[in-house]
Amino acid sequence: MSVQTHTFSGESAPGDFSAYESTRRPRTDEGVFYVAEKTQQESVSQLIEVSEKYSEARIDRNGSQLHRYRLEFSDGVKLNANMYKPARPINKTLVVQTPAWSTGSRGHNQATQRKLAYAGYSSLLVGHVGEERDTARQEIASFISDPNRTVDELRAISLEKQSHHMLQAAEYFTNILDLNTSEINVFGESRGAMTGLGILACAQSYGISVRKAMLVAPCFETGIGKEVMREVASQIPLELINMVRTIGKVSFQRLIRYPSTINISPKSFVYEAAHASTLFNGDAGRFVKDIPQLQDIMILAFDNDLAGQRSRWRRAFSEFPNVVIQSAPGAHISGIVDRRTVALTEDYLAGTARKLRSVR
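On a predicted model such as this, the values are computed, not experimentally measured, just so you know. (Residues numbered from 1 in each chain as written. Predicted model: local features only at pLDDT ≥ 70, side-chain atom pairs only at ≥ 80, totals over all residues. Heavy atoms only, no water.)

### Things to note about the overall build of the protein
As a reminder of what qualifies: Numbering goes from the N terminus for both helices and strands, where a helix is a DSSP run of H or I of at least four residues and a strand is a run of E of at least two. Under the convention used here, a 1.4 Å probe and the Shrake-Rupley method define accessible areas, while residue burial counts only the protein chains that appear.
Scanning the protein from terminus to terminus reveals 12 helices and 13 strands. For the protein, the computed accessible surface area is about 16,100 Å², with 54% contributed by carbon and sulfur atoms.

### Observations concerning a nonpolar patch on the surface
Put simply, the rule reads: A residue counts toward a patch only above 30% relative accessible area and without a salt bridge, and it is joined to like-charged neighbours within 9 Å or, for Val, Leu, Ile, Met, Phe, Trp and Tyr, to nonpolar neighbours within 5 Å. A pair is scored as a salt bridge if a Lys or Arg side-chain nitrogen falls within 4 Å of a carboxyl oxygen belonging to Asp or Glu.
A cluster of nonpolar side chains, contributed by Ile-140, Phe-143 and Ile-144, occupies part of the molecular surface with about 350 Å² of accessible area. Along the chain, Ile-140 turns up in helix H2 (residues 136-145).

### Here's the deal with helix H1 (residues 108-118)
The line we're drawing: The rule is simple: take the accessible area with a 1.4 Å probe, protein chains only, and divide by the maximum for that residue type; under 20% is buried, over 50% is exposed, in between is partly exposed.
Extensive coverage of H1 is indicated by the burial of 9 of its 11 residues. Of all the residues in H1, the buried ones are His-108, Asn-109, Gln-110, Ala-111, Thr-112, Gln-113, Arg-114, Leu-116 and Ala-117. Gly-120, located one to two residues past H1, shows a positive phi value of around 105°.

### Describing the environment of Met-298
Secondary-structure assignment places Met-298 in strand E12 (residues 297-302). In this structure, the C-alpha to C-alpha distance between Met-298 and Lys-212, residues 86 residues apart in sequence, is 8.0 Å.

### Let's talk about the confidence of the model for the protein
How we decide: Scored from 0 to 100, pLDDT reflects the predictor's confidence in each residue. Contacts: residue pairs with any heavy atoms within 4.5 Å of one another.
A residue-level look at the protein finds 72% of positions with pLDDT of 70 or above and a mean pLDDT of 78. Within the protein, the lowest mean pLDDT, 27, falls on strand E1 (residues 6-8), and the highest, 98, falls on strand E8 (residues 94-97). Segment residues 1-42 is flagged for pLDDT under 50; beyond a separation of four residues in sequence, or across chains, it makes 95 contacts in the model. Here residues 354-360 is a poorly scored stretch, pLDDT under 50, and it has 13 contacts once near neighbours within four places are set aside; other chains count.

### Considering the packing of helix H4 (residues 159-176) against helix H5 (residues 191-202)
For any two helices packed against each other, the geometry comes down to the angle between their axes and how far apart the axes lie. Test applied: To obtain an axis, a line is fitted to C-alpha atoms, over the contacting stretch when the element is a helix, and the angle between two such axes runs from 0 to 180 degrees between their N-to-C directions. Angles below 35 degrees are treated as roughly parallel, those above 145 as roughly antiparallel, those between 65 and 115 as roughly perpendicular, and all remaining angles as oblique. Left-handed describes a crossing whose near helix is turned anticlockwise from the far helix by less than a right angle; the clockwise case is right-handed.
Two elements in contact, H4 and H5, have axes whose closest approach is 8 Å; the angle formed by their N-to-C orientations is 70°. Overall, the two elements H4 and H5 adopt an arrangement that is roughly perpendicular. The handedness of the crossing between H4 and H5 comes out as right-handed. Each of Leu-159, Glu-160, Gln-162, Ser-163, His-164, Met-166 and Leu-167 in H4 lies in contact with H5, whose residues at this interface are Arg-191, Met-194, Thr-195, Gly-198, Ile-199 and Cys-202.

Okay, here's the thing in structure tokens:
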């Protein structure tokens, strides 16, 4: 299911957005690209507008470029997006990802994208509902004039809808950046990994195949019950112990970067609370039945991550021959921020992940 056809015009090189035109509606405002006409809300919303936030990309010391975007969908949802382009790409397959619960597009998540770019991978990080914000004055005025917009955004919070938003964003960026339009890689941590399962279940409806999916610490294969609640409660001391161990191994430069990872605005708190139901209701596990049987997946499950439910994921994927449930030391948060996690991701995407098993 394709939102629209993307084309280039003129003689500009791929990635030069001044040359882009939508076949449905051309560019009209500076920095804004209208992708499709607004339509009445459908079961699957459409990507209708993409605008670049800054006139210039951020260029890292090795030449990788970070572009920040604002995406608008027909269901009223606005999402932010980071597009990281490597200076020396090793292939044309885009890595698609979304942040973990309560985190945003900066800090740890941006650093992960940067590391993937250094390794030669183009990556698209699509934020989640509630993260993209206007100024406080604009937000208040918008709520007073159109309170239904907030209601629509809250209704749009689900792993499945986020998966569709991300696949439409992937369609858009692979077309305008001359990347592989029929194949992507998927990467995600915690909620990002759970959304990744949704992408695996929905990708074929967009004519997209997933080459590899690296899912780090997906949680709650089944919905919350008494047993799962006990697991979550017992997770807290394990996290504290493992975080103390991890902090001792983290450089000062990385430590000062982590606070910007967390969404701390009042609006974000409200929206993050609204995200809880789709994380705890077992949606992630229900995606498994719609994932292609031969899909190549690595699930990284940490030894002290009880919420990760490693044994349940093993059972859910027991009939999938190309799914590897990889064990690793650490708890949920400490394992995610471990720099070896990104290193394993790079090796998995390159097809050399087995070499790291003895290291982890």
